[in-house]
Amino acid sequence: MAAGLPEGFAGLFPNTDAAIAEGELALRTGDLARLIGRPTVPLAESVRAALGA
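Residues numbered from 1 in each chain as written. Predicted model: local features only at pLDDT ≥ 70, side-chain atom pairs only at ≥ 80, totals over all residues. Heavy atoms only, no water.

Moving on: the overall build of the protein chain. Helices and strands together make up the secondary structure of the protein chain, namely four helices and zero strands. Counted from the first residue to the last, the protein chain has its helices and strands arranged as α-α-α-α. A globule of 53 residues ought to have a C-alpha radius of gyration of about 10 Å, yet the protein chain, at 17 Å, is considerably larger. Across its three principal axes, the protein chain shows a C-alpha extent of roughly 45 × 30 × 20 Å. Within the protein chain, the proportion of its 53 residues that are buried is 2%. As displayed, the protein chain offers around 4,800 Å² of accessible surface, 62% of which is attributable to carbon and sulfur atoms. Taking the average location of the 4 positive side-chain charges in the protein chain and that of its 6 negative ones, the two points are 17 Å from each other. (Helix = DSSP H or I, 4+ residues; strand = E, 2+ residues; numbered from the N terminus. Rg over C-alpha atoms; globule rule 2.2 N^0.38 Å. Buried < 20%, exposed > 50% of the residue type's maximum accessible area, 1.4 Å probe, protein only. Areas by Shrake-Rupley, 256 points an atom, 1.4 Å probe, with all protein chains shown as cover. Lys, Arg positive; Asp, Glu negative; His and termini not counted. Charge placed at Lys NZ, Arg CZ, Asp CG, Glu CD.)

Moving on, we get to the layout of surface pockets. Within this model, the largest pocket holds a volume of roughly 180 Å³. Of the residues assigned to the lining of the largest pocket, the class counts are four nonpolar, three polar and two charged. (1 Å grid on protein atoms, 1.4 Å probe; cavity = no way out; pocket = protein on both sides within 12 Å on 5 of 7 lines; lining within 4 Å. Points joined across faces, edges and corners; volume = space filled by probe spheres on them. Nonpolar A, V, L, I, M, F, W, Y, C, P; charged D, E, K, R; others polar.)

See below:
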């Protein structure tokens, strides 16, 4: 709220952070791999490959 967010909106951030920490967004359905027709690659691996490391 000190940054100017409305109170109701500001209250969502701690709840969202807690949910992420508990794995709420870690759902792995395989949908993306099916859509793109190949296995997905972790972001860190993609960045390493792009940087040539």
